[in-house]
Amino acid sequence: MNQDTLPSADYPVAMNAEHAAAAASPAHTTRILMCVPTHFGVEYVINPWMQGQTGNADVSHAQRQWDGLTAAIGRVAEVELVAPIAGLPDMVFTANAGMIWDDAFVPSRFRHAERQGEEAHFIAWFRERGFRIVELPEDLEFEGAGDALYDRAVSNRLWMGHGHRSDLGVAAELEKRLPVQVLPLRLSDERFYHLDTCFCPLEGGWLLYFPGAFDAAANALIEANVPAHKRIAIDESDAVHFACNAVNVGDTIILNRAGDSLKARLHAAGFRVLETPLDEFLKAGGSAKCLTLRLQEPPRP
Ligand code: ARG
């Protein structure tokens, strides 16, 4: 982690010997983009979680929770930062900046006007760092790594959520521009409006997901492509705490909250789970994974 660019704080997640060893290992080169929540807030309603929350987010509490998440991620990855911009309260959700394939950056085309102002800032950040900007047709909506998630076991396989924020037509346009195979999944529950709110491919080919967020065809596609013993299907009580909105690096999974039985299933699959409270961000409809963007994609074997 680049200590120069991170705010200092007393991080709530205790560091044990295992964490310290992981942090010190040179093998951890995963880079993750985040955005300090200086200008975060719930200032409009574009998803069901934001309903009734306008003006309710506490920025200093959000900052402490974000510091906790950043500290947890910093143990297993290097955090990079994009500058926050006043008037763009959802810019903290860097997952929605766009999607990456090697040195190509496909910028999002946000569905809602409230977020469209983020596009130019994210494009500038990636352009300055030498990424090629690969544009989608202007008439298509696409919300980046909120809806486009690489399978972590099958190379160049990209799962894409559509139905709320991203258009199904993006699937073919991505396949034209990048060497990816896109598996589109229709989202059917408006609470789970981005794929990363209900679906999380994990290391080793495991899949953490909430089947209730998908239509029948999408569930059939998931079942046809991920073997039953690798599917960790969660119930609604975990899903509404954004348990699928998890950051997975190596054998570490970082998330807002998971029930004991889900944690036991993740442990049995070989993962350690770090819970870090993010309820200020849940008021805006986001959690751990939404607050991050992996900068080296697709996953390398
Ligand atoms: N308020 C934001 C929106 O509705 C939350 C975005 C959450 N991001 C995500 N990748 N799920 O656009």
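Everything numeric in this text was worked out from a predicted model, so none of it was measured.

Caption draft 1: View of the site of the ligand. Neighbouring residues of the ligand: 17 residues in total, closest Asn47, Arg115, Arg165, Asp196 and Ala284. Here a nitrogen atom of the ligand and a side-chain polar atom of His194 are 2.9 Å apart. Between Asp196 and the ligand, the recorded distance is 2.8 Å, taken from a side-chain N or O atom to a nitrogen atom. With the chains in place, 100% of the 350 Å² that the ligand exposes on its own is no longer accessible. Of the residues contributing to the shell around the ligand, the split by class is seven nonpolar, six polar and four charged.

Caption draft 2: Fine view of the environment of Ala243. Within the secondary structure, Ala243 sits in the loop between α7 (236-239) and β12 (247-249). The class for Ala243 is buried, based on a relative accessible area of 0%. Each C-alpha atom, one on Ala243 and one on Ser287, is 8.8 Å from the other, the two residues being 44 residues apart in sequence. For Ala243, the contacting residues outside a window of four places in its chain are Leu208, Ile234, Asp238, Leu255, Arg257 and Leu262.

Caption draft 3: Just the sheet that holds strand β13 (residues 252-255), in detail. The sheet built from three strands is open, its strands ordered β12-β13-β14 with mixed pairing. Two strands in the sheet have a free side with no partner beyond their single neighbour: β12 and β14 (272-275). Going across the sheet, the axis of each strand differs from the next one's by a mean of 20 degrees, ignoring polarity. The pairing of β13 with β14 spans four bridges and is parallel.

Caption draft 4: Representation of the sheet that holds strand β5 (residues 132-133) in the model. Strand order in the open sheet formed by three strands is β3-β4-β5, and the pairing between neighbours is mixed. Two strands bound the open sheet, and with one partner strand each, they are β3 (98-101) and β5. Two strands pair when backbone bridges link them, and strand β4 (residues 104-107) and β5 are joined in this way by two bridges, in the parallel orientation. Among the inter-strand pairings, Phe105 is bridged to a residue of β5, identified as Ile133. Across the sheet, helix α4 (residues 118-128) is in contact with β3, β4 and β5; its angle to β4 comes to roughly 175 degrees.

Caption draft 5: Highlighting the pairing of β13. In β13, alternate side chains face the same way, and those of Thr252 and Ile254 on one face and Ile253 and Leu255 on the other are all buried. Sheet topology places β12 next to β13; three bridges connect them, and they run antiparallel. From the neighbouring strand, Val247 faces β13, where its bridge partner is Ile254. Here β12 hands over to β13 after two residues, with Gly250 in that stretch at a positive phi of 60 degrees. Each parallel crossover has a hand, and the one from β13 via helix α8 (residues 260-268) to β14 is right-handed.

Caption draft 6: Geometry of unusual backbone geometry. Cis geometry marks the peptide bond from Glu297 to Pro298; its omega dihedral reads 0 degrees. If you trace the backbone, Pro298 turns up in the segment after β15 (293-294). One non-glycine residue, Asn156, lies in the positive phi region at around 60 degrees. One can find Asn156 in the loop between β6 (148-150) and β7 (157-162). Of note, the phi angle at Phe242 is positive, near 60 degrees, even though the residue is not glycine. For Phe242, the position within the fold is in the loop between α7 and β12.

Caption draft 7: Quick look at the environment of His241. Assignment of secondary structure puts His241 in the loop between α7 and β12. Distance in space between the C-alpha atoms of His241 and Ala269 is 21 Å, their sequence separation being 28 residues. Setting aside its immediate chain neighbours within four residues, His241 contacts Asn256, Arg257 and Leu282. In terms of polar contacts, His241 uses its side chain to reach the backbone carbonyl oxygen of Ser237, at 3.0 Å.

Caption draft 8: Spotlight on the side chain of Thr30. With respect to the element layout, Thr30 can be found in the loop between α1 (17-24) and β1 (31-34). By relative accessible area, which is 17% here, Thr30 ends up buried. What Thr30 contacts, discounting residues up to four positions off in sequence, is Val76, Ala77, Glu78, Val249, Arg294 and Gln296.

Caption draft 9: Quick look at the packing of aromatic side chains. Tallied over the full model, the rule gives eleven aromatic pairs. Pairing Phe105 with Phe126 gives two aromatic rings, centres 3.7 Å apart and planes at 5 degrees, and the pair type is stacked. You can see Phe105 sitting in strand β4 and its partner Phe126 sitting in helix α4, a full 21 residues away along the chain. Like Phe105, the residue Phe126 is buried in the burial classification. Among the aromatic side chains, those forming a connected cluster through ring pairs are Trp49, Phe192, Phe210 and Phe242.

Parameters and conventions
Residues numbered from 1 in each chain as written. Predicted model: local features only at pLDDT ≥ 70, side-chain atom pairs only at ≥ 80, totals over all residues. Heavy atoms only, no water. Near = heavy atom within 4 Å. Polar contact = N/O pair within 3.5 Å; in protein donor to acceptor, adjacent residues only side chain to side chain. Areas by Shrake-Rupley, 256 points an atom, 1.4 Å probe, with all protein chains shown as cover. Nonpolar A, V, L, I, M, F, W, Y, C, P; charged D, E, K, R; others polar. Helix = DSSP H or I, 4+ residues; strand = E, 2+ residues; numbered from the N terminus. Buried < 20%, exposed > 50% of the residue type's maximum accessible area, 1.4 Å probe, protein only. Contact = heavy atoms within 4.5 Å. Pairing = 2+ DSSP bridges. Axes fitted to C-alpha atoms, helices over the stretch in contact; angles between N-to-C directions. Right-handed = clockwise from strand over helix to strand, strands pointing away. Phe/Tyr/Trp six-rings, centres within 6.5 Å; stacked < 30°, edge-to-face > 60°.

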